[in-house]
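Analysis of the macromolecular model
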Number of protein chains: 2
Amino acid sequence: MADGTAERARPRDRILETAQDMFHKHGIKGVGVDAITEAAGTNKMTLYRHFESKDDLIIECLRATACKGAAIWDAFEAEYPGDKLAQLHAWVRKAADMLNADSRGCDMANAAIELSETDHPARRVIKELKEAQRDRLVSLCRDAGVGQAELLADTLSLLLEGARVSMQSVGAEGPSAQFVRMAEGLIASFRVR
Amino acid sequence: MADGTAERARPRDRILETAQDMFHKHGIKGVGVDAITEAAGTNKMTLYRHFESKDDLIIECLRATACKGAAIWDAFEAEYPGDKLAQLHAWVRKAADMLNADSRGCDMANAAIELSETDHPARRVIKELKEAQRDRLVSLCRDAGVGQAELLADTLSLLLEGARVSMQSVGAEGPSAQFVRMAEGLIASFRVR
DNA sequence: TGCAGAAGTTACAGACCGGTAACACCCTAG
DNA sequence: CTAGGGTGTTACCGGTCTGTAACTTCTGCA
């Protein structure tokens with residue numbers, strides 16, 4: 001499937017990349033380690049030589065996904081250096097683009113829903129990573145000069161989270177279609193205060 | 001466990017009630033039919049005499065849950081007959097109450113995330129039920145006299161959906177803690193227009 | 001070239017899953 | 001009292017799951 005690019009990477013990286021993709025598409029409980037290793041062009045033993053367990057692999061996948069997300073944030077700063085308000089608008093546009101390009105939502109949120117056991121080792125990691133994202137959005141809102149930065153950031157967070165899950169239950173023509181309008185309206189109304 | 005009240009109900013009803021509860025708490029893929037029948041005080045054969053398959057049971061559970069949700073809506077009309085704006089505020093309060101009382105979110109959204117196969121029979125039902133809820137909220141907003149009723153209803157929908165999933169990933173102290181403030185602020189800002 | 005470590009292969013263990021067959025039971029309606 | 005339908009019980013099927021053992025093959029490096 002995804003041979004060309006990552007076929008010559010090391011087995012561990014191929015497994016990590018493939019697992020991220022398959023967990024995202026089919027859910028964590030919807031894909032087994034055999035399927036992952038086969039799609040990654042390797043085998044189960046090699047997976048268990050690099051990862052303690054499936055749970056460990058799940059955690060590493062979440063960290064890797066969060067890492068990619070952080071790179072997107074860095075791109076905002078690179079594109080609009082110092083202009084925090086422009087970066088906030090770029091965040092809205094990027095979120096909408098990702099909504100349109102992919103209907104499987106946020107891996108961390110999906111994992112939290114699938115892994116309902118409250119003591120699952122991945123839960124701690126999910127919370128940490130989500131809190132980091134929240135802090136980053138709060139900082140961006142604050143530095144953009146809006147009043148009540150925390151409230152705006154939290155509102156935008158919930159809107160995006162809701163849009164991502166709404167995409168999966170009612171589809172792209174549902175409430176999530178209005179995400180950009182909602183987010184821009186919110187930012188505007190917080191600025192005038 | 002939940003003997004006293006429903007122990008003397010008919011097996012089909014006990015299974016349906018127990019399955020709703022267990023699917024809600026542990027997720028659909030997190031509980032097997034054996035566990036359901038045991039908790040319902042019956043056995044697997046009886047389950048398969050009343051339901052074609054686990055998928056069929058899932059669908060019936062979702063319908064039953066939606067039915068309970070509809071009853072909550074009826075209670076708003078009963079409590080504030082004719083006063084649609086009061087009903088809208090009651091909806092916000094009720095949503096917040098349910099957020100505080102339970103951290104496992106919306107069964108339909110969770111099911112949509114867990115059942116990632118796009119052709120899963122439950123997906124159609126989930127979409128139908130979610131669209132019905134959306135229509136009802138749009139009507140309530142319109143009858144409450146706010147401008148852009150659809151946009152307000154969709155925004156409130158996404159906020160609530162986001163709050164329910166945020167509860168599960170970051171916990172009750174995360175962005176979802178501000179749900180009431182956000183929702184009330186939104187309603188106010190839509191009214192003045 | 002030779003060697004060590006990484007990677008592949010095969011087979012398996014033990015558990016759980018959804019779903020079915022065959023049969024015994026009980027309770028109620030006639 | 002009896003017949004029959006709903007229910008309970010046990011055993012089983014084939015499949016899938018995570019995880020491991022033992023062995024062979026490949027590869028990179030000195």
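Residues numbered from 1 in each chain as written. Chains lettered and ligands numbered in written order. Predicted model: local features only at pLDDT ≥ 70, side-chain atom pairs only at ≥ 80, totals over all residues. Heavy atoms only, no water.

Some thoughts on the protein's contact with DNA strand D
DNA strand D sits among 18 residues. The nearest are Lys44(A), Tyr48(A), Lys54(A), Thr42(B) and Arg49(B). Atoms of DNA strand D within 4 Å of the protein: sugar and phosphate make up 43%, bases the balance. The separation between a phosphate oxygen of DNA strand D and a polar main-chain atom of Lys54(A) is 2.8 Å. Contact between DNA strand D and Arg49(B): a base oxygen at 2.7 Å from a side-chain N or O atom of the residue. Secondary structure elements with two or more residues in the surface near DNA strand D: helix H3 (33–39) and helix H4 (44–50) of chain A together with helix H2 (11–26) and helix H4 (44–50) of chain B. When residues in the surface near DNA strand D are grouped by element, the largest group, four residues, is from H4(B). Residues of the surface near DNA strand D, tallied by class, amount to six nonpolar, seven polar and five charged. (Near = heavy atom within 4 Å. Polar contact = N/O pair within 3.5 Å; in protein donor to acceptor, adjacent residues only side chain to side chain. Helix = DSSP H or I, 4+ residues; strand = E, 2+ residues; numbered from the N terminus. Nonpolar A, V, L, I, M, F, W, Y, C, P; charged D, E, K, R; others polar.)

Points about the pattern of salt bridges
Once their charged atoms are close, side chains differing in charge can pair, the charge on each being opposite to the other. Residue and element names in this part refer to chain B. Enumeration according to the criterion identifies 20 salt bridges over all chains in this entry. Glu161 is paired through a salt bridge with Lys130; the nearest N and O atoms lie 2.9 Å apart. Here Glu161, found in helix H9 (residues 149–169), pairs with Lys130, found in helix H8 (residues 121–143); they are 31 residues apart in sequence, far enough to count as distant. You can call Glu161 buried: its relative accessible area is 8%. Overall, the relative accessible area of 7% leaves Lys130 in the buried class. Here Arg134 ties to Asp154 by a salt bridge, and the two come within 2.8 Å at their closest N and O atoms. One end of the pair, Arg134, is in helix H8; the other, Asp154, is in helix H9, and 20 residues separate them in sequence. Classification of Arg134 as partly exposed rests on a relative accessible area of 25%. (Salt bridge = Lys/Arg side-chain N within 4 Å of Asp/Glu carboxyl O. Buried < 20%, exposed > 50% of the residue type's maximum accessible area, 1.4 Å probe, protein only.)

Description of the interface of chain B and chain A
Across the contact, 39 residues belong to chain B and 39 residues belong to chain A. In total, chain B and chain A occlude about 3,200 Å² of area from one another, counting both sides; carbon and sulfur atoms represent 70% of this. Applying the counting criterion to the chain B and chain A interface returns six residue pairs in polar contact (both at pLDDT 80 or more). The set of elements that each furnish at least two residues to the side of chain B that touches chain A consists of H2, helix H7 (107–114), H8, H9 and helix H10 (179–192) of chain B. In terms of residue count, H9(B) provides more of the side of chain B that touches chain A than any other element does, 13 residues in total. Split by residue class, the side of chain B that touches chain A holds 12 nonpolar, 14 polar and 13 charged. (Contact = heavy atoms within 4.5 Å. Buried area = accessible area lost by both parts, 1.4 Å probe.)

Describing the protein's contact with DNA strand C
What surrounds DNA strand C is a group of 17 residues, the closest being Thr42(A), Asn43(A), Arg49(A), Lys44(B) and Tyr48(B). Note that a base oxygen of DNA strand C is positioned 2.4 Å from one of the side-chain N or O atoms of Lys44(B). Elements supplying a minimum of two residues to the surface near DNA strand C: helix H2 (11–26) and H4 of chain A together with H4 of chain B. With four residues, H4(A) is the single largest residue contributor to the surface near DNA strand C. When grouped by side-chain class, the residues that make up the surface near DNA strand C number six nonpolar, seven polar and four charged.

Regarding the domain arrangement of chain A
Residue and element names in this part refer to chain A. According to the domain assignment, chain A contains domain 1 (1–51) and domain 2 (65–192). A separation of 27 Å is found between the C-alpha centroids of domain 1 and domain 2. Counting residues at the interface gives 10 residues for domain 1, matched by 10 residues for domain 2. Both sides together, the interface formed by domain 1 and domain 2 hides about 790 Å², and carbon and sulfur atoms give 39% of it. One can count one salt bridge joining domain 1 with domain 2. With a closest N to O distance of 3.0 Å, Glu17 and Lys68 form a salt bridge. Linking domain 1 with domain 2 are eight residue pairs in polar contact (both at pLDDT 80 or more). When the residues that make up the side of domain 1 that touches domain 2 are grouped by side-chain class, the tally is two nonpolar, five polar and three charged. (Domains from an automatic or database assignment.)

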